[in-house]
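Each chain, letter by letter, is given below.
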Amino acid sequence: MTDASVSTLKGPSGPKPRRVFSSTNIMIYGTLLVVCLYYLLPLYVMIVTSLKGMPEIRMGNIFSPPVEVTYEPWVKAWAEACTGINCDGLSRGFWNSVWILVPSVFLSIAIASVNGYALANWKFKGSEVFFTILIFGAFIPYQVMIYPIVILLRESGDGITNIIRLFDSDASKFRLMGSVWGLVIVHTIFGMPILTLLFRNYFTSVPEELFKAARVDGAGFWGIYFQIMLPMSLPIFVVAMILQVTGIWNDFLFGVIYTKPDTYPMTVQLNNIVNSVQGVKEYNVNMAATLLTGLVPLVIYFASGKLFVRGIAAGAVKG
Amino acid sequence: MANSVEIKNLDLSFGSIEVLKDLNLDIAEGEFLVLLGSSGCGKSTLLNCIAGLLEVTDGQIFIKGKNVTWAEPSDRGIGMVFQSYALYPQMTVKGNLSFGLKNAKVPKAEIEERVARAAEILQIEPLLSRKPSALSGGQRQRVAIGRALVRDVEVLLFDEPPSNLDAKLRLYLRVEIKRLHQQLKNTMIYVTHDQIEAMTLADRIAIMRDGKIMQLGSPAEIYDFPMNKYVADFIGSPSMNFSQGEIKDNCFTVGDHKIPLKNYSAKTKLNEGQSVWIGIRPEHVVVSEAIEKADYKSTVTADIVEPMGADTLVWTEFAGQPFRIRLDGKFPIASGQELPIGINASTVSLFDLQSEERL
């Protein structure tokens, strides 16, 4: 009896010891470190350059930290840089982007969530076909649709003008093409396929009995949506918001086509500042402007990274 | 008694798949009806049709004499307790109970009163401010029943309780539901695939198969006089022993065995030479002294003995077929031992070989 207990004491017991510096660990962390440096280096160069004065930049040591830190380029990028005849810096573009972003995100999420809810829970004849067509939209390169949308916005703007003039014959021409609202509509429409898919899959994973119980309890289409589904699906709304905010903020193509210089979003203005051909290339201002433009999506990612991953995973479990 | 729920010629198909076929069912007021069947037999579908959660393809549904075939679930006078209970996770117990009443625009004072009454009946008053996630399985079921109760409905529908609950909790919930029915005297329709649940709860059981009701009757009727071989096989655990044979000289004959049928109360006339199934319940095989009075005596050899505490199940062979016998747990028997048995014609069931209908 005692012999047996001694032999068990000698053998392995408790957690298996692991070496910290095993060859596997060195490989994994070494690779991670190299990849990390590779991606962070450009960011480092940008930050360092944006804090240097032009004379220092001309010396050519792009990796060296600034000898004399100056915030002048940041101020210039935000408030003084010229694009065309406007010399009020990126601030104008920033606010334009905000005015485009807020209604686009709100509208697209509101519509897509109701779409997804209806497609998941209120199946109608042909709803599957409808869904397939909608998803198909996600696979068509959207460059194909640029010109048709130009015509659509122009014509519907004219149509709306005609309707307004029925009541007020002196009303000025209403424009969708070239206005912030035109771009909002475009963003809302192009967000639809992927967001509807996201919401539909999420709502499909909500137990069907919950929906049935609410029907027995007499709740209607909107009652169930607002009182049962909405409070249960905050994570997916956060995910949708992150997707839309980063997507719309980073958009360049639609912004440059469907707006005019007064209403250019920040990305377009950034391009105009960086790619201006006249005068000296102010690398420090360009770097500061680029960092300023990228700040919003960056903040969103850093603030909600965990939620983002969780939401994506939650949406992917079923459906 | 007036009928509480009437189902007339109900059909339901999903595309080309017929789930319910020309189904008729009358449920009396205050009756506890259990819909019993294996999965895929259409029992849950029928319940969903009664609740109005599925649109019927053809036929009518009446609740309390009112045609509700086209009515919304909330207007039918039904309350439903779902399989997973389906409590609204973001609402408190009180919110769950009052949600339906708020939708029906019931005055606030009356909501309070009805919630309080339901909470009292179900003894969930201390839980009213809790969220469903903070409740145990039994408490959740009571809240789910409460949600159906506050609506003051005529008919309560129960979808089968989750089979993943442990046996002890299921037993407890079963007793709770039975007690509730005795107290409330509502009409209740209960869907399950568990025959013990069906036998213990039901006033009447409807056994379903392939969208049809195979037999509708009290638990005793269904147990003692199964109308066809399917029902006979389905009810009873361990299930009935079947053997194929012929009628000769008013005896069931298979091989050397001749079981006289003078004590068998036949539904129809037994024809000489007719091929039949005989069904003998394992617990109806008699042993020890009772053999003397039995209609037929034989001896079998115990092959496998399974002691289950209260009972002992013995696997043997009879007329070349595997044969199960259920004995008292105290009966002395070991594997390989010879066991004299007796069979009484009054406890067997005979079915036609082709139609499998009771004879």
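Only a predicted model underlies this, so the values are computations on that prediction, with no experimental measurement involved. (Residues numbered from 1 in each chain as written. Chains lettered and ligands numbered in written order. Predicted model: local features only at pLDDT ≥ 70, side-chain atom pairs only at ≥ 80, totals over all residues.)

Time to look at the overall build of chain A. Looking only at helices and strands, one finds 14 helices and zero strands in chain A. In terms of overall dimensions, chain A is more spread out than a globule: its C-alpha atoms have a radius of gyration of 27 Å, far above the 20 Å expected for 319 residues. Per-residue burial over chain A gives 30% buried out of 319 residues. (Helix = DSSP H or I, 4+ residues; strand = E, 2+ residues; numbered from the N terminus. Rg over C-alpha atoms; globule rule 2.2 N^0.38 Å. Buried ≥ 20, exposed ≤ 12 C-beta atoms within 10 Å, placed from the backbone.)

Moving on, we get to the overall build of chain B. Within chain B, the secondary structure is distributed over eight helices and 20 strands. Seen along its three principal axes, the alpha-carbon backbone of chain B occupies a region of about 75 × 45 × 35 Å. Within chain B, counting contacts between residues at least 6 apart in sequence, those at least 24 apart form 66% of the total. (Contact = placed C-beta atoms within 7 Å.)

All names here are of chain B. One ladder, built from four bridges, connects strand E16 (residues 304-307) with strand E17 (residues 311-318); its direction is antiparallel. Its bridge partner being in E17, Ile 304 is matched across the sheet by Trp 315. Hairpin connection between E16 and E17: a loop of three residues separates the two successive antiparallel strands, and Gly 309 in this loop has a positive phi of roughly 90°. (Pairing = 2+ DSSP bridges.)

Here chain B averages 90 in pLDDT, and 99% of its residues register 70 or above. Ranking the helices and strands of chain B by mean pLDDT puts strand E9 (residues 204-209) of chain B first, with 94, and helix H5 (residues 167-184) of chain B last, with 86. (pLDDT = per-residue confidence, 0-100.)

Here we come to the nonpolar core. Leu 35, Ile 50, Leu 157, Ile 189 and Ile 207 of chain B are the most contacted members of the largest nonpolar core, which totals 134 residues. Of all the elements, helix H8 (residues 180-205) of chain A adds the most residues to this core, at 11 residues. When near neighbours in sequence (up to four residues on either side) are disregarded, Ile 50 of chain B contacts Val 5, Ile 61, Ile 78, Leu 157 and Ile 189 of chain B. Ranked by size, the runner-up nonpolar core spans 11 residues in total, among them Ala 81, Ala 288, Ala 289 and Leu 292 of chain A. (Core = buried A, V, L, I, M, F, W, Y, C linked by C-beta atoms within 7 Å.)

All names here are of chain B. As far as domains go, chain B holds domain 1 (3-233) and domain 2 (234-352). A straight line from the C-alpha centre of domain 1 to that of domain 2 covers 38 Å. Contact with domain 1, which involves 11 residues of that partner, is made by 10 residues of domain 2. Taken together, the elements giving at least two residues each to the side of domain 1 that touches domain 2 come down to helix H7 (219-224) and helix H8 (229-234). A breakdown of the residues in the side of domain 1 that touches domain 2 according to their chemical character gives seven nonpolar, two polar and two charged. (Domains from an automatic or database assignment. Nonpolar A, V, L, I, M, F, W, Y, C, P; charged D, E, K, R; others polar.)

Residues and elements named next belong to chain A. By domain assignment, chain A separates into domain 1 (21-70) and domain 2 (89-316). Between domain 1 and domain 2, the residue contacts involve seven residues of the former and seven residues of the latter. Of all the elements in the fold, those that place two or more residues in the side of domain 1 that touches domain 2 are helix H2 (23-50) and helix H3 (54-58). Among the elements that make up the side of domain 1 that touches domain 2, the one with the highest residue count is H2 (four residues). Split by residue class, the side of domain 1 that touches domain 2 holds four nonpolar, two polar and one charged.

Tracing the backbone shows Gly 223 of chain A in helix H10 (residues 221-232). In this structure, the C-alpha to C-alpha distance between Gly 223 of chain A and Phe 203 of chain A, residues 20 residues apart in sequence, is 15 Å.

All names here are of chain B. Packing of helix H4 (residues 137-149) against H5 leaves a shortest axis separation of 10 Å and a crossing angle of 30°. On the basis of the axis angle, H4 is roughly parallel to H5. Pair H4 / H5 crosses with right-handed handedness. Note on element contacts: H5 touches H4 through Leu 169, Tyr 172, Leu 173 and Leu 180, opposite Gly 137, Gly 138, Gln 141 and Ile 145. Among the residues making up the contact of H4 with H5, the classes are represented as five nonpolar, three polar and no charged. (Axes fitted to C-alpha atoms, helices over the stretch in contact; angles between N-to-C directions. Parallel < 35°, antiparallel > 145°, perpendicular 65-115°, else oblique. Left-handed = near helix turned anticlockwise from the far one by under 90°.)

A few words on the interface of chain B and chain A. Contacts between chain B and chain A engage 16 residues on the former and 14 residues on the latter. Top element by residues in the side of chain B that touches chain A is helix H2 (residues 93-103) of chain B. It accounts for three residues. Class assignment for the residues of the side of chain B that touches chain A results in 10 nonpolar, six polar and no charged.

All names here are of chain B. Reading across the sheet, the five strands line up as E13-E12-E11-E14-E20 and stay open at both edges, with antiparallel pairing between neighbours. The open sheet has two free edges, formed respectively by strand E13 (257-260) and strand E20 (349-352), since each of these has just one partner strand. Along the sheet, successive strands turn relative to each other by an average axial angle of 40°, direction set aside. Bridging between strand E11 (residues 241-248) and strand E12 (residues 251-254) involves three bridges; their strand directions are antiparallel. Pairing of Ile 247 across the sheet is with Phe 252, part of E12.

Here we take up the pairing of E12 of chain B. Residue and element names in this part refer to chain B. In this antiparallel pair of consecutive strands, E11 and E12, the connection spans two residues, and Asp 249 shows a positive phi of 50°. Of the strand pairs in this sheet, E12 and E13 are connected by four bridges, and their pairing is antiparallel. Across the sheet, Cys 251 pairs through a bridge with Pro 260, a residue of E13. Between E12 and E13, which follow one another and run antiparallel, lie two residues, and Gly 255 among them has a positive phi close to 55°.

Residue and element names in this part refer to chain A. Running from N to C, helix H6 (residues 127-136) and H8 cross one another at 130°; their axes reach a closest spacing of 8 Å. Classed by the angle they form, the pair H6 and H8 counts as oblique. Crossing geometry of H6 relative to H8 is assigned as left-handed. Facing Phe 131, Leu 134 and Ile 135 of H6, the residues of H8 in contact are Met 192, Pro 193, Thr 196, Leu 197 and Arg 200. Residues belonging to the contact of H6 with H8 are distributed by class as follows: six nonpolar, one polar and one charged.

Residue position: Trp 222 of chain A is located in helix H10. Between the alpha carbons of Trp 222 of chain A and Tyr 117 of chain A there is a distance of 10 Å; along the sequence they are 105 residues apart.

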